[in-house]
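# Secondary and tertiary structure notes
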Amino acid sequence: MTDPSLSWDVILPERGARTSRATLHISSLSHGEELLSLPLSVGKRVSRARKEGTLCPESRAELLHCLGESARLCAKARVEALISRRDYSERDLGEKLRLDGYAHAVVEEAVHRAAECGLVDDARFGAAFVRSKLASGWGRERIERELSRHGVSPELIAGWPDDFISKEEERERALSLALRRRLTGKNDYEKIVRFLCGKGYAISMATDVAHEVLRGEN
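I will try to describe carefully the structure that is included in this document. (Residues numbered from 1 in each chain as written. Predicted model: local features only at pLDDT ≥ 70, side-chain atom pairs only at ≥ 80, totals over all residues. Heavy atoms only, no water.)

## Things to note about the sheet that holds strand S1 (residues 7-11)
What counts, and what does not: One bridge is not enough; two strands pair if DSSP finds at least two bridges between them. Starting at the N terminus, helices and strands are each numbered in turn, a helix being any DSSP run of H or I of at least four residues and a strand any DSSP run of E of at least two. Between N-to-C directions, angles span 0 to 180 degrees; the directions come from axes that are lines fitted to C-alpha atoms, helices contributing only their stretch in contact. Residue contacts follow a heavy-atom distance rule, with two residues in contact if any of their heavy atoms lie within 4.5 Å.
Pairing is antiparallel in the open sheet, where three strands are placed in the order S1-S2-S3. With partners counted over all chains shown, the strands left at the sheet margins are S1 and strand S3 (32-39), one partner each. Averaged over all pairs of adjacent strands, the angle between their axes in this sheet comes to 15°, without regard to strand direction. Here strand S2 (residues 21-28) runs beside S3; their pairing, made up of eight bridges, is antiparallel. When the bridges of S3 are listed, Ser28 appears paired with Gly32. Here helix H2 (residues 60-85) sits on the sheet and contacts S1, S2 and S3; the angle it forms with S2, its principal contact strand, is near 165°.

Below is the structure:
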């Protein structure tokens, strides 16, 4: 049913504006004046469709339905663009979309579809993350903390930790890192322990390595 009272417009941010959102202004007899925040890509798509005459809703409900379809298509394109540059965990990808301004339901659907077709895979992301951080000298505890922050359980990663690094190898890395530290003779033990714990090595390993380093200095 056509609503003769319906009017709407998309307000895009001016060039150089700090906001990355568009605004949909709707006026209707049933709901009065409404301002809806949209992801910029959705705003541009809807605005273009209106100018081209391909979006001519006859009611507020039809307009919102078309808006939802545009949001889903833009979210899908955004996911593909992000994944083309680097790998993401499901949580990180969802957070990117939320920051763009996509609604919760759109985000959930886009991330679910990306996982279904293998564009995102938490196990793959986690394994690559582990290898990268081990190469940077991180210890197990920090790696596991950061995995959790990305929404990835260490249990998802096949072979973690034994297939990636043994306790002996981890201790050798900790010792190598500690030996590179410049000692001043003042609070060296505390500094080594604090440094290694910051890298993610267990306190027991950090103290053991600190004792070994200082024994070698004497």
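## Examining the packing of aromatic side chains
Definition in use: Each aromatic pair joins two rings of Phe, Tyr and Trp (for Trp, the six-membered one) with centres within 6.5 Å, and gets the label stacked for planes under 30 degrees apart, edge-to-face for over 60, and tilted for any other angle. Burial classes: relative accessible area under 20% of the type maximum marks a residue as buried, over 50% as exposed, and values in between as partly exposed (1.4 Å probe, protein chains only). In our convention, an over-ring charge means Lys NZ or Arg CZ found within 6 Å of a ring centre and within 35 degrees of that ring's normal.
Within the structure shown, the criterion is met by three aromatic pairs. For the pair Phe129 and Trp138, a centre-to-centre distance of 6.2 Å together with 75° between the ring planes defines the contact as edge-to-face. The residues Phe129 and Trp138 share a single accessibility class, namely buried. Counting every residue linked through ring pairs, the aromatic cluster contains Phe125, Phe129 and Trp138. The ring of Trp138 carries the charged tip of Arg142 above its face, separated from the ring centre by 3.8 Å. One cation-aromatic arrangement involves Arg181 over Phe195; the distance from NZ or CZ to the ring centre is 4.1 Å.

## Here we look at the environment of Thr23
Of note, Thr23 is situated in strand S2. Taking the relative accessible area as the measure of exposure, Thr23 reaches 26% and is therefore partly exposed. Distance in space between the C-alpha atoms of Thr23 and Gly43 is 7.1 Å, their sequence separation being 20 residues. Setting aside residues up to four positions removed in sequence, Thr23 forms contacts with Asp9, Val10, Ile11, Leu35 and Leu36.

## Notes on the side chain of Glu34
Definition in use: A 3.5 Å cut-off defines polar contacts: any pair of N or O atoms within that distance qualifies, except that in protein one atom must be a possible hydrogen donor and the other a possible acceptor, and neighbouring residues in sequence count only when both atoms are side-chain atoms.
Position of Glu34 relative to the elements: it lies in strand S3. Owing to a relative accessible area of 15%, Glu34 belongs among the buried residues under this scheme. At 2.8 Å, the side chain of Glu34 forms a polar contact with the side chain of Arg60. Contacts of Glu34, omitting those with residues within four sequence positions, involve Leu24, His25, Ile26, Ser28 and Arg60.

## A few points about the nonpolar core
Counted only if it meets this: In plain words, nonpolar cores are sets of buried Ala, Val, Leu, Ile, Met, Phe, Trp, Tyr and Cys residues tied together by side-chain atoms within 4.5 Å.
Counting residues in each nonpolar core, the largest one holds 29 residues, and the members touching the most others are Trp8, Leu93 and Tyr102. Among the secondary structure elements, those contributing two or more residues to this core are S1, S2, helix H1 (40-52), H2, helix H3 (90-100) and helix H4 (104-116). In terms of residue count, H2 provides more of this core than any other element does, eight residues in total. Every residue in contact with Tyr102, bar those within four places of it in the chain, is listed here: Pro39, Ser41, Val42, Ala71, Cys74, Ala75, Arg78, Leu97 and Val107. Judged by nonpolar contacts, the second largest core, of 14 residues, contains Leu177, Ile192, Val209 and Leu214.

## Focus: the side chain of Ser28
One can find Ser28 in strand S2. Within the structure, the side chain of Ser28 is placed 3.2 Å from the backbone nitrogen of His31, a separation counted as a polar contact. Every residue in contact with Ser28, bar those within four places of it in the chain, is listed here: Asp3, Ser5, Leu6, Glu34 and Arg60.

## A few points about the packing of H1 against H2
The cut-off we apply is this: Comment on the angle field: the value is read as roughly parallel under 35 degrees, roughly antiparallel over 145, roughly perpendicular from 65 to 115, and oblique elsewhere. Helix crossings fall into two classes, left-handed where the near helix is turned counterclockwise from the far one by less than a right angle and right-handed where it is turned clockwise. Residue classes follow a fixed rule: Ala, Val, Leu, Ile, Met, Phe, Trp, Tyr, Cys and Pro count as nonpolar, while Asp, Glu, Lys and Arg count as charged, and any other residue, Gly among them, counts as polar.
Where H1 contacts H2, the two axes come as close as 9 Å, and the packing angle between them is 125°. When the interaxial angle is binned, H1 and H2 end up oblique. Of the two elements, H1 crosses H2, and the hand of that crossing is right-handed. Facing H1, whose interface residues are Ser41, Val42, Arg45 and Val46, H2 presents Leu67, Ser70, Ala71, Leu73 and Cys74. By residue class, the composition of the contact of H1 with H2 is six nonpolar, two polar and one charged.

Nothing here speaks to function; it is all geometry.
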